[in-house]
Amino acid sequence: TGLAVGMGVGQALLVLLAAWAVMPVKDPLLNICMDAKHHKTKPGPEGKLHDQCAPWKDNACCTANTSSEAHKDQSNLYNFNWNHCGVMPPKCKRHFIQDTCLYECSPNLGPWIDQADSSWRRERILHVPLCKEDCEEWWEDCKDYLACKENWHKGWNWATGTNRCPWGSMCRPFSDVFPRPKDLCEKIWSNSYKYTTEHRGSGRCIQMWFDPAQGNPNVVVAKYYAWKKRSSPALKGNVTLETDKAACALPWSVLVLLPLAFVMLPEGARGCGSHGWGAL
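- Looking at an unreviewed UniProt entry, one finds the chain named FOLR1 protein, with Ibidorhyncha struthersii as its source organism.

What follows is the structure in structure tokens.
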């Protein structure tokens, strides 16, 4: 009968809708590149990334050229010179290069991307939880170098086209400017990083250094903090907005049959809107 046919179509549509509802939706915090000066629009494989940036070659937000520039003393990336207080020792410089590689290449910094207030980038990272070992080794290998200021993001003398110490400042022992590893990691780039007591391999902190043969440990860290951010009532609305939009973008086949579905569905059911799927 017509009623039986109608019920059959309604049931089929419900099955179709239920199946679509469990399809994975792209998480807006995972596997993304920030909107900054040298970043790609989306991560992907690179044939060859230079030296210390190589661990990201299978899935990177940086290009091969960016990775090469990251290793130069006078890089074209930002006209920034590491040797502003004399020659920076190689054991110290390698941490700054690795820091640059993480910033430019990593697709796993989504949970910490924040709006930037500068002319050269729309987004930045803020409070990335850095593993204890990464921060402490950075400080240990640089403590014998000299520095003239604690925030390297701003306040330089750019009169010559590259960064020089501000007028009136003096180069002092690194450990005077940054007394503890926490001071270095949190202050040098305007709180881009957050010092943590979490260890490498814990799944709770971002590693600047890792062996690509063992996989990228930062993938699971980003997933954990993305979940944590979604679970926070204060942040949930903003984080889930894109996911909600995606959930309302029904497949063409469902849209075609949707009017019929509403005939067959209970009276209380609702479509996408301010309260989502309602009774469904």
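Let us keep going from here.
### Focus on the nonpolar core
Moving on, step 1. Among the nonpolar cores identified, the biggest contains 50 residues, and Phe96, Trp138, Trp152, Phe174, Phe178, Trp189 and Tyr193 are the most heavily contacted of them.
Moving on, step 2. Looking at this core, the elements with two or more residues in it are helix H3 (90-105), strand E3 (128-130), helix H4 (132-142), helix H5 (174-177), helix H6 (181-187), strand E6 (193-195) and helix H7 (218-231).
Moving on, step 3. Among the elements that make up this core, the one with the highest residue count is H3 (7 residues).
Moving on, step 4. Dropping the residues within four chain positions of it, Tyr193 is found in contact with Asp99, Leu102, His127, Val128, Leu130, Trp138, Cys185, Glu186 and Met208.

### Focus: the packing of aromatic side chains
Moving on, step 1. Considering all chains together, one arrives at 16 aromatic pairs under this definition.
Moving on, step 2. With 5.3 Å between their ring centres and 80 degrees between their planes, Phe96 and Trp138 make a pair best called edge-to-face. Separated by 42 residues along the polypeptide, Phe96 in helix H3 and Trp138 in helix H4 bring together distant segments of the chain. Trp138 shares its class with Phe96; the two are buried.
Moving on, step 3. Taken together, a centroid distance of 6.2 Å and an interplanar angle of 80 degrees make the contact between Trp138 and Tyr193 edge-to-face. Placement of the pair is Trp138 in helix H4 and Tyr193 in strand E6, with a sequence separation of 55 residues.
Moving on, step 4. For Tyr193, a relative accessible area of 1% gives the class buried.
Moving on, step 5. Members of the aromatic cluster, each reached through a chain of ring pairs, are Phe80, Trp82, Phe96, Trp138, Trp152, Trp156, Trp189 and Tyr193.
Moving on, step 6. Between the NZ or CZ atom of Lys149 and the centre of the ring of Trp156, over which it lies, the distance is 4.9 Å.
Moving on, step 7. Directly above the ring of Tyr224 sits Arg204, whose terminal nitrogen or CZ lies 3.7 Å from the centroid.

### Quick notes on the state of the cysteines
Moving on, step 1. On inspection of all chains with the given rule, the structure shows 8 disulfides.
Moving on, step 2. Covalent S-S linkage joins Cys62 and Cys105, the inter-sulfur distance amounting to 2.1 Å. The chirality of the disulfide connecting Cys62 with Cys105 is right-handed, given an S-S dihedral of about 95 degrees. Highlighted residues: Cys62 in the loop between helix H1 (2-21) and helix H2 (64-69) and Cys105 in helix H3, separated in sequence by 43 residues.
Moving on, step 3. Note on Cys62: relative accessible area 0%, which makes it buried.
Moving on, step 4. Here Cys131 connects covalently by a disulfide to Cys205, the sulfurs 2.0 Å from one another. On the S-S bond that ties Cys131 to Cys205, the torsion sits near 90 degrees, and the link is right-handed.

### Focus on the pattern of salt bridges
Moving on, step 1. For the structure on display, the rule yields 12 salt bridges.
Moving on, step 2. Arg122 is paired through a salt bridge with Asp35; the nearest N and O atoms lie 3.6 Å apart. Taken together, the residues Arg122 in the loop between strand E1 (113-115) and strand E2 (123-125) and Asp35 in the loop between H1 and H2 connect sequence positions 87 residues apart.
Moving on, step 3. Since its relative accessible area comes to 60%, Arg122 is described here as exposed.
Moving on, step 4. Owing to a relative accessible area of 37%, Asp35 belongs among the partly exposed residues under this scheme.
Moving on, step 5. Taken together, the salt bridges that share partners define one network made up of Glu150, Arg180, Asp183 and Lys187.

### Regarding the confidence of the model for the chain
Moving on, step 1. When the pLDDT values of the chain are averaged, the result is 77; 71% of them are 70 or greater.
Moving on, step 2. Predicted confidence in the chain is weakest over helix H9 (residues 241-248), with a mean pLDDT of 42, and strongest over E3, with 96.
Moving on, step 3. Taken together, the stretch residues 252-258 has pLDDT below 50 and engages in 6 contacts with residues farther than four places along the chain or on a different chain.

Parameters at a glance
Residues numbered from 1 in each chain as written. Predicted model: local features only at pLDDT ≥ 70, side-chain atom pairs only at ≥ 80, totals over all residues. Heavy atoms only, no water. Core = buried A, V, L, I, M, F, W, Y, C linked by side-chain atoms within 4.5 Å. Buried < 20%, exposed > 50% of the residue type's maximum accessible area, 1.4 Å probe, protein only. Helix = DSSP H or I, 4+ residues; strand = E, 2+ residues; numbered from the N terminus. Contact = heavy atoms within 4.5 Å. Phe/Tyr/Trp six-rings, centres within 6.5 Å; stacked < 30°, edge-to-face > 60°. Lys NZ or Arg CZ within 6 Å of the ring centre and 35° of its normal. Disulfide = S-S within 2.5 Å. Salt bridge = Lys/Arg side-chain N within 4 Å of Asp/Glu carboxyl O. pLDDT = per-residue confidence, 0-100.

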